[in-house]
Protein chains: 2
Amino acid sequence: MRLMSPPVGLTALADTDLVGQVARILTQAIIKGQLLPGAKVVEAGIARELGVSRAPVREAARLLEQQGLLVSHPRRGFFVRKLEATDIDEVYDLRICVECHAGVLASKNMTPANRDMLRRQIDVMHETAAIDDHARQIEEDYKFHRMICEIAGSKRLLRLFDDLASELRMTIGLIGRLYDDPHRIAQTHEALLEVLEQGHADIITARIDYHIGAAWREVGKLVRELPSSTNGAAT
Amino acid sequence: MRLMSPPVGLTALADTDLVGQVARILTQAIIKGQLLPGAKVVEAGIARELGVSRAPVREAARLLEQQGLLVSHPRRGFFVRKLEATDIDEVYDLRICVECHAGVLASKNMTPANRDMLRRQIDVMHETAAIDDHARQIEEDYKFHRMICEIAGSKRLLRLFDDLASELRMTIGLIGRLYDDPHRIAQTHEALLEVLEQGHADIITARIDYHIGAAWREVGKLVRELPSSTNGAAT
DNA sequence: TAATCGTCGATTGTCGACAGTTTAATCTTG
DNA sequence: CAAGATTAAACTGTCGACAATCGACGATTA
């Protein structure tokens, strides 16, 4: 009567999924700054370089477009999104809105396991603070915030966070330095975890609002004094 | 020859843009219920029916996937997303979060012109309430809420609203009836506009929270008692 | 009889090609 | 020499084709 093969726990081997791979590679290239804002993304070029045809590249590009990393000018091609200061503002504004909500939801789902996960992530942040690796530090910071969205338990919330995060990473990569002492940043997250455990909605909201708002102010300041090389392409 | 045509603000007529057209047609088909949740979307079939090749159809499908209307099972194709009750909850939850925020922002940008626009939309809703056209009534309702996001002035906020709205429309189409008397709904929006003009953040938030929450409760109830024909396909 | 294996049609993922358009490079001409 | 016209190259949008893969159905076997 057993109709299914006895489920031995095998890890599903990665289905080639060309489009996804191309999308990831392009995303990395943008974040790492190999593709600067305003740069043209030539389909044939990418395709040749990756050893695939243009079809998967186009589909991947459409993905990144919807995600806000590329813009498509019909008949002219895809370009790396140029983030103006106002875009940064929009993203941070939305981020506050979303993460405050996530925080309140997460505090309701807070279990010992979740608490430990967050706690450990803060430890990692402290360890990383010793090393001089901006990219890594930023990544660990995002991981903490992402965990909150995971714990909140809404797939859409999480995806939204990921979208916003990749837009921000794009800019952060350009700034090239942190906006504060890494240890201090890690400490700030401890305070955050504390109010999450306490579970009072208003306090959580206020705290996250302030926490992200601080980053916003700093990043905003840095972006506005960026060399114009990042803003100087076609509209 | 061409001396850069003087850019009079004409709405650039759709540059054939096959992908966009296909996407719109598919979206409509899903909302109108011609493509039921769980249904398989056969690329070749759609392509033949629309008289185009599979490439644009694939790209359009990827778009709708990112937008949450389709899901893609690798090597098996695209399927119309099956929205479970928990999905509805996620969407409404996010919608409250987003629209409360939009409301507060909008109230800060409130001008006489904006006020009139909203006012007129409420009038339209009252007019539509007389006619017996659910689809139309729902559409006018969404338009009002969309206006708030427009007035808020954030492109990302607006796009997010559109995404959430199309996910909801998909379900609302299935329910096939309104959750309240249309005139009563229109009236509720008058109250909303009132607090928006007053401009007190807490009150706006509370009001919108309640307003959308009411719809959530009603829609949730209806969804949970839907015929299982909408939940009965492959995972 | 019921479960498994093998085969066949249908469908996806990917590719190379072609036409039309945009971009650049070159050539005119005042 | 500069500004506009002209030509050439490069690129996008779309198509049709082909191999790989999936699901269904019937054959096989204990």
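Please read these numbers as outputs of a predicted model, since none were measured by experiment.

Reading the values: the criteria
Residues numbered from 1 in each chain as written. Chains lettered and ligands numbered in written order. Predicted model: local features only at pLDDT ≥ 70, side-chain atom pairs only at ≥ 80, totals over all residues. Heavy atoms only, no water. Least-squares fit on C-alpha atoms with pLDDT ≥ 70 in both. Contact = heavy atoms within 4.5 Å. Buried area = accessible area lost by both parts, 1.4 Å probe. Salt bridge = Lys/Arg side-chain N within 4 Å of Asp/Glu carboxyl O. Polar contact = N/O pair within 3.5 Å; in protein donor to acceptor, adjacent residues only side chain to side chain. Phe/Tyr/Trp six-rings, centres within 6.5 Å; stacked < 30°, edge-to-face > 60°. Helix = DSSP H or I, 4+ residues; strand = E, 2+ residues; numbered from the N terminus. Buried < 20%, exposed > 50% of the residue type's maximum accessible area, 1.4 Å probe, protein only. Lys NZ or Arg CZ within 6 Å of the ring centre and 35° of its normal. pLDDT = per-residue confidence, 0-100. Near = heavy atom within 4 Å. Expected span 1.5 Å × (residues − 1). Pairing = 2+ DSSP bridges.

1. Some details on the relation of the copies chain A and chain B
The relation between the two copies of this chain is a rotation about an axis and a shift parallel to it.
Logical step 1: Overlaying chain A on chain B yields an RMSD of 0.1 Å, the required transformation being a rotation through 180° with an accompanying axial translation of 0.0 Å. Here the two chains are linked by the operation of a two-fold rotation axis. When each C-alpha of chain A is compared by its distance to the rotation axis, A:Glu59 comes out closest, at 2.9 Å.
Logical step 2: In this assembly, 100% of the residues forming the interface of chain A have copies in chain B that are likewise at the interface, indicating an isologous arrangement.

2. Quick look at the interface of chain A and chain B
Logical step 1: The interface of chain A with chain B comprises 29 residues on the first partner and 31 residues on the second.
Logical step 2: For the pair chain A and chain B, the two sides together bury roughly 2700 Å², of which 46% comes from carbon and sulfur.
Logical step 3: On the chain A side of the interface with chain B, the three residues burying the most area are A:Gln66, A:Glu90 and A:Arg156, jointly 29% of the side's total.
Logical step 4: Our count for the contact surface shared by chain A and chain B stands at ten salt bridges.
Logical step 5: For A:Arg58, the salt bridge goes to B:Glu59, with nearest N and O atoms at 2.7 Å.
Logical step 6: Taken together, the links from chain A to chain B amount to 18 residue pairs in polar contact (both at pLDDT 80 or more).

3. Considering the packing of aromatic side chains
Residues and elements named next belong to chain A.
Logical step 1: Going through the model one piece at a time under the given rule, you end up with two aromatic pairs over all chains.
Logical step 2: Where Tyr92 meets Trp216, the ring centres are 6.1 Å apart and the plane angle is 10°; that geometry is what we call stacked. One end of the pair, Tyr92, is in helix α4 (residues 85-108); the other, Trp216, is in helix α9 (residues 201-224), and 124 residues separate them in sequence.
Logical step 3: With relative accessibility at 1%, the residue Tyr92 sits in the buried group.
Logical step 4: A relative accessible area of 24% means that Trp216 is categorised as partly exposed.
Logical step 5: Against the face of Tyr142 rests Arg169, its NZ or CZ located 5.1 Å from the ring centre.

4. Quick notes on the confidence of the model for chain A
Logical step 1: In this model, chain A carries an average pLDDT of 90, and 90% of its residues clear a pLDDT of 70 or more.
Logical step 2: Considering only residues more than four positions removed or in separate chains, one finds that residues 229-235 of chain A, a stretch of pLDDT under 50, has nine contacts.

5. So, the protein's contact with DNA strand C
Logical step 1: Among the 19 residues in the neighbourhood of DNA strand C, the closest are listed as A:Leu18, A:Ser53, A:Arg76, B:Arg54 and B:Arg58.
Logical step 2: Close to the protein, within 4 Å, the atoms of DNA strand C are drawn from sugar and phosphate at a rate of 71%.
Logical step 3: A distance of 2.7 Å separates a base nitrogen of DNA strand C from a polar side-chain atom of B:Arg54.
Logical step 4: Elements supplying a minimum of two residues to the surface near DNA strand C: α3 (54-67) of chain A together with β1 (40-41) and α3 (54-67) of chain B.

6. Brief notes about α3(B)
Residue and element names in this part refer to chain B.
Logical step 1: Between its terminal C-alpha atoms α3 stretches 20 Å, which fits the 20 Å expected from 14 residues at 1.5 Å a residue.
Logical step 2: Among all positions of α3, only Pro56, Val57, Glu59, Ala60, Ala61, Arg62, Leu64, Gln66 and Gln67 are buried.
Logical step 3: By the N-cap criterion, in which a side-chain oxygen at the helix start approaches the backbone nitrogen of a residue two or three places on, α3 is capped by Ser53, the distance to Ala55 being 3.4 Å.
Logical step 4: Directly beyond the C-terminal end of α3, a positive phi value near 95° is found at Gly68.

7. A short note on the pairing of strand β2 (residues 70-73) of chain A
Logical step 1: Looking at chain direction, β2(A) and strand β3 (residues 77-80) of chain A are connected through four bridges and run antiparallel. Note on β3(A): the bridge partner recorded for A:Val71 is A:Phe79.

8. Overview of the pattern of salt bridges
Residues and elements named next belong to chain A.
Logical step 1: With the rule as written, the count across this model stands at 42 salt bridges over all chains.
Logical step 2: Where Asp123 meets Arg119, a salt bridge forms, and the shortest distance between an N and an O atom there is 3.5 Å. Of the two residues, Asp123 and Arg119 both sit in helix α5 (residues 112-130), four residues apart, roughly one turn of that helix.
Logical step 3: Two residues, Arg146 and Glu150, come together in a salt bridge whose shortest N-O distance is 3.2 Å.

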